[in-house]
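Topology and contacts: notes
Chain by chain, the residues:
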Amino acid sequence: MYRFPILLFLFFAITSCRTHYTLHHTKVSSVALDNIHEPMADTSDVNFMLPYKNQVDAIMEKIIGESETALEKNSPEGLLGNFATDACMQTLANQLKDEKIDFCFLNNGGLRTPMPKGKWKMGNVFELMPFENELVLVYVNGKAVIELCDFIAAKGGMPVSGISMEIKAGKAQNILIKNLPIESEKKYCILTSDFLANGGDKLTMLAAAEKKVPGIKVRDAILSYIESQTTIGKTISVKLEGRITNAK
Amino acid sequence: MQNRRTFLKQMTSAAAAYGMVSWPFETFAADEFVKITVLHTNDVHSHIDPFPENDPKYPGLGGVAYRHALINKIREQEKNVLLLDAGDIFQGTPYFNMFGGELEMKLMSRMQYDAGTIGNHDFDNGVEGLVKQMPHLNFPLLNTNYDVSKTLLNGKLQPYKIFEKEHVRIGVFGIGVDLNGLVDKKMWQGLVYNDPIESAAVTSHILKKKEKCDLIICLSHMGFKYPDQRPSDVVLAKQSLNIDLIIGGHSHTMIETPYEYFNRDGKSVWIAQVGWAGVRLGKIDFILRRKQENFDKCQYSKSVE
């Protein structure tokens, strides 16, 4: 606890006699911002914003794809998480032919909004993934992967692709990577965001690991996946597959 | 689910109740009482346009142009208004992705904010991204627990600012959340996080004793409260001595009527926060009474310890 020396305090006590006002009464309230409640928007602001808004709308209103269902996040497994991690895996597999990426994981906190059923606009993807985070490849052995899976289990599940596990008492079990059991000495290549790779979400175990940064943003990877699906005439179709389940 | 009409209805009845209990301030001699009106926002997150009409949670709510109109109206009615923001100005809509926060800051300046503080998302484009937009501000960003001397922010933040309204001195300072685990380290390299509770104690002591403030307001981006021992607005309120009001942010807590807590001396500390995205404007009126005799103030300062 913070304490000042007594002498200093005495000085303050004498000089503070000059203060003239003291709190008498407090009234607290808050006012909703509702355009019926407050019908007149400040028109000079509207005009001021217009050139910015026009530029935003020109890009963000563009239709880029279509989804069969609404995608929301959920734990231990959610449609939105499956979609985002699959999209990152797919795009990176296409763009980095020399890398064999074993699995991908992201954090639910980074997926900022659900994606709607039906047509998707560019703006939807910016709202889903507003951050400028980049994808990172992290190389670790099987032992470290097990530790990571325990972290994922302790969180009650995180968005994953290419890996499956069960959660029992906050620990991971029956871990399968591309349907194969984990080998503790094997080197694995994990795809994730720079945020998580560098210790975000209190995930410290990957911070010192060997990494490669291909220079692709998470959002761009997701956009690229959606556009590739649209180009071949496909809609986005995501299902729950039991990637992470709570053990019975 | 709440539509705009029921929302409006609730607000109208709240306003009626508010009118009934309002302090008969006008009946007192004008120079004996001074009313200070504090307006506040937090976590606006680049929400410049109102939410769309089909938004499940906040249909048609928010929007800078509406907020500005409301602020103007209150400024016409009230003599001594302070407009404050508790951080996370940036990130959340494509306006930020496309213009890096330029429009957010220009609009806040147009609304004549008096002061703001920095939230974790204000580092989303790094210290550099924040510094780049700061020339668009005509008000200071306040923080007292980040040591930024080894970053580009050096000299660009103020620990506190004092406002004088009808001889009432109002001290406003800011404190920020631990960025560790919240923001990628490379975005805030060189910044040193100091204990916010201790920094707040030091700063509010200076404001009370040295700067002779009558009212002390903390802009906090720590979050309202946590199940663990992390620093929060509630922890600060209980451990503080000189703070009258904590305007919070970070936890996106919608506090419809600010909560009253009690500090180490048993004096009131109000905690306010208005959710996020600018769907609501906080309003707190402080009525201060002039002390006729110096003796009263001496008694008061003794009780401060």
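This structure is a prediction, so every number in the text was calculated from the model and none was measured.

Per the secondary structure count, chain B includes 8 helices and 12 strands. When the 305 residues of chain B are sorted by exposure, 60% land in the buried category. Here the contacts in chain B between residues at least 6 apart in sequence split such that 75% fall between residues at least 24 apart.

The next subject is the packing of helix H2 (residues 43–60) of chain A against helix H4 (residues 102–110) of chain B. Helix-helix packing is characterised by the crossing angle of the two axes and by the distance between the axes. Between H2(A) and H4(B), whose axes approach to 11 Å, the crossing angle comes to 165°. Between H2(A) and H4(B), the angle falls in the class roughly antiparallel. Where H2(A) crosses over H4(B), the handedness of that crossing is right-handed. Contact residues: A:Ser44, A:Asp45, A:Phe48, A:Met49 and A:Tyr52 in H2(A); B:Glu102, B:Leu103, B:Lys106, B:Leu107 and B:Arg110 in H4(B).

Right, let's talk about the packing of aromatic side chains for a bit. Evaluated as defined, the whole model comprises 10 aromatic pairs over all chains. Note on A:Phe48 and A:Tyr52: the rings are 6.2 Å apart at their centroids and 40° apart in plane angle, and the pair reads as tilted. Note that A:Phe48 and A:Tyr52 are positioned in helix H2 at a spacing of 4 residues, about one turn of the helix. The exposure class assigned to A:Phe48 is partly exposed, which follows from its relative accessible area of 26%. Measuring from ring centre to ring centre gives 5.0 Å for A:Tyr52 and B:Phe99, while their planes differ by 85°; the resulting arrangement is edge-to-face. With A:Tyr52 in helix H2 and B:Phe99 in helix H3 (residues 94–99), this residue pair bridges two chains. Assigned by exposure class, A:Tyr52 and B:Phe99 land together as buried. Here a set of aromatic residues connected by ring pairs shows up, and it is made of A:Phe48, A:Tyr52 and B:Phe99.

Among the nonpolar cores identified, the biggest contains 77 residues, and A:Phe83, A:Cys88, A:Ile222, B:Phe123, B:Leu130 and B:Leu153 are the most heavily contacted of them. Broken down by element, this core gets its largest block of residues, 7 residues, from helix H3 (residues 79–95) of chain A. Filtering out sequence-adjacent residues up to four positions away, B:Phe123 remains in contact with B:Ile118, B:Leu130, B:Tyr146, B:Leu153, B:Leu179, B:Val183, B:Met187, B:Trp188 and B:Leu191. Judged by nonpolar contacts, the second largest core, of 29 residues, contains A:Val136, A:Ile163, A:Ala172 and A:Leu206.

All names here are of chain B. Here the structure, examined in full by the defined rule, presents 3 cavities of 30 Å³ or more. For the largest cavity, the calculated volume is near 90 Å³. Along the walls of the largest cavity sit 14 residues, with Val-44, Val-64, Arg-67, Glu-104 and Met-108 positioned nearest its centre. Only helix H2 (64–77) and H4 provide two or more residues apiece to the lining of the largest cavity. At 3 residues, the largest contribution of residues to the lining of the largest cavity is made by H4. Residue classes in the lining of the largest cavity are distributed as 8 nonpolar, 3 polar and 3 charged.

Moving on to the sheet that holds strand E5 (residues 135–141) of chain A. Residue and element names in this part refer to chain A. Pairing is mixed in the open sheet, where 5 strands are placed in the order E6-E3-E10-E5-E11. The sheet is open, and its two borders are formed by strand E6 (160–161) and strand E11 (210–212), each paired with just one other strand. As judged from the 7 bridges shared by E5 and strand E10 (residues 187–193), these two strands associate in the antiparallel manner. What sits directly across from Val-136, in E10, is Thr-192.

The subject of this paragraph is unusual backbone geometry. Excluding glycine, most residues fall at negative phi; most peptide bonds, likewise, are trans. Residue A:Pro76 is reached from A:Ser75 by a cis peptide bond, and omega for that bond is 0°. Assignment of secondary structure puts A:Pro76 in the loop between strand E2 (63–67) and H3. Phi at A:Asp201 is positive, roughly 60°, even though this residue is not glycine. With respect to the secondary-structure elements, A:Asp201 resides in the loop between helix H6 (194–197) and E11. Unlike most non-glycine residues, B:His250 shows phi in positive territory, near 80°.

Residues and elements named next belong to chain B. Taken in spatial order, the 6 strands of this open sheet run E5-E6-E8-E9-E11-E10, and their pairing is mixed. Pairing within the sheet leaves two strands with one partner each, and these edge strands are strand E5 (160–165) and strand E10 (259–262). Between one strand axis and the next, the sheet turns through 25° on average, direction left out of account. In the sheet, strand E6 (residues 168–175) pairs with strand E8 (residues 215–220) via 6 bridges, with the strands oriented parallel.

Before going further, it helps to spend a moment on the pattern of salt bridges. This structure, assessed with the given rule, holds 26 salt bridges over all chains. A:Lys187 is paired through a salt bridge with A:Glu210; the nearest N and O atoms lie 3.2 Å apart. Highlighted residues: A:Lys187 in strand E10 and A:Glu210 in strand E11, separated in sequence by 23 residues. Salt bridges sharing common partners tie together B:Lys35, B:Glu78, B:Lys283 and B:Asp285.

Attention now goes to the packing of H3(A) against helix H7 (residues 218–231) of chain A. Residue and element names in this part refer to chain A. Relative orientation of the contacting elements H3 and H7 amounts to 85°, with a least axis distance of 8 Å. Comparing their axes, H7 and H3 come out roughly perpendicular. Facing H3, whose interface residues are Phe-83, Ala-84, Ala-87, Cys-88, Gln-90, Thr-91, Leu-92 and Gln-95, H7 presents Val-218, Ala-221, Ile-222, Ser-224, Tyr-225 and Ile-226. Here the contact of H3 with H7 is built from residues that sort into 10 nonpolar, 4 polar and no charged.

Glancing now at the confidence of the model for chain B. Of all residues in chain B, 85% attain a pLDDT of 70 or more, and the chain-wide mean is 87. Low confidence marks residues 1–28 of chain B, where pLDDT is under 50. Its contacts with residues over four positions away, or in another chain, come to 39 contacts.

Our focus in this paragraph is helix H5 (residues 142–154) of chain A. Residues and elements named next belong to chain A. For H5, which comprises 13 residues, the first-to-last C-alpha distance of 18 Å matches the rise-based estimate of 18 Å (1.5 Å per residue) to within 8%. Three or more residues of H5 are buried, namely Gly-142, Val-145, Leu-148, Cys-149, Asp-150, Phe-151, Ile-152 and Ala-153. Of the residues that open H5, the one with a side-chain oxygen 3.2 Å from the backbone nitrogen of Lys-143 is Asn-141. One or two positions beyond H5, positive phi appears at Gly-156, with a value near 80°.

Turning our attention to the pairing of strand E8 (residues 171–177) of chain A. Residue and element names in this part refer to chain A. In the sheet, strand E7 (residues 163–168) pairs with E8 via 5 bridges, with the strands oriented antiparallel. In the strand pairing of E8, Ile-163 is matched with Ile-177. From the end of E7 to the start of E8, which pair antiparallel, there are 2 residues, and Ala-169 there has a positive phi angle of about 50°. The hairpin formed by E8 and strand E9 (residues 180–181) contains 2 residues between the paired strands, and Lys-178 there has a positive phi angle of roughly 50°.

What counts, and at which threshold
- Residues numbered from 1 in each chain as written.
- Chains lettered and ligands numbered in written order.
- Predicted model: local features only at pLDDT ≥ 70, side-chain atom pairs only at ≥ 80, totals over all residues.
- Heavy atoms only, no water.
- Helix = DSSP H or I, 4+ residues; strand = E, 2+ residues; numbered from the N terminus.
- Buried < 20%, exposed > 50% of the residue type's maximum accessible area, 1.4 Å probe, protein only.
- Contact = heavy atoms within 4.5 Å.
- Axes fitted to C-alpha atoms, helices over the stretch in contact; angles between N-to-C directions.
- Parallel < 35°, antiparallel > 145°, perpendicular 65-115°, else oblique.
- Left-handed = near helix turned anticlockwise from the far one by under 90°.
- Phe/Tyr/Trp six-rings, centres within 6.5 Å; stacked < 30°, edge-to-face > 60°.
- Core = buried A, V, L, I, M, F, W, Y, C linked by side-chain atoms within 4.5 Å.
- 1 Å grid on protein atoms, 1.4 Å probe; cavity = no way out; pocket = protein on both sides within 12 Å on 5 of 7 lines; lining within 4 Å.
- Points joined across faces, edges and corners; volume = space filled by probe spheres on them.
- Nonpolar A, V, L, I, M, F, W, Y, C, P; charged D, E, K, R; others polar.
- Pairing = 2+ DSSP bridges.
- Salt bridge = Lys/Arg side-chain N within 4 Å of Asp/Glu carboxyl O.
- pLDDT = per-residue confidence, 0-100.
- Expected span 1.5 Å × (residues − 1).
- Polar contact = N/O pair within 3.5 Å; in protein donor to acceptor, adjacent residues only side chain to side chain.

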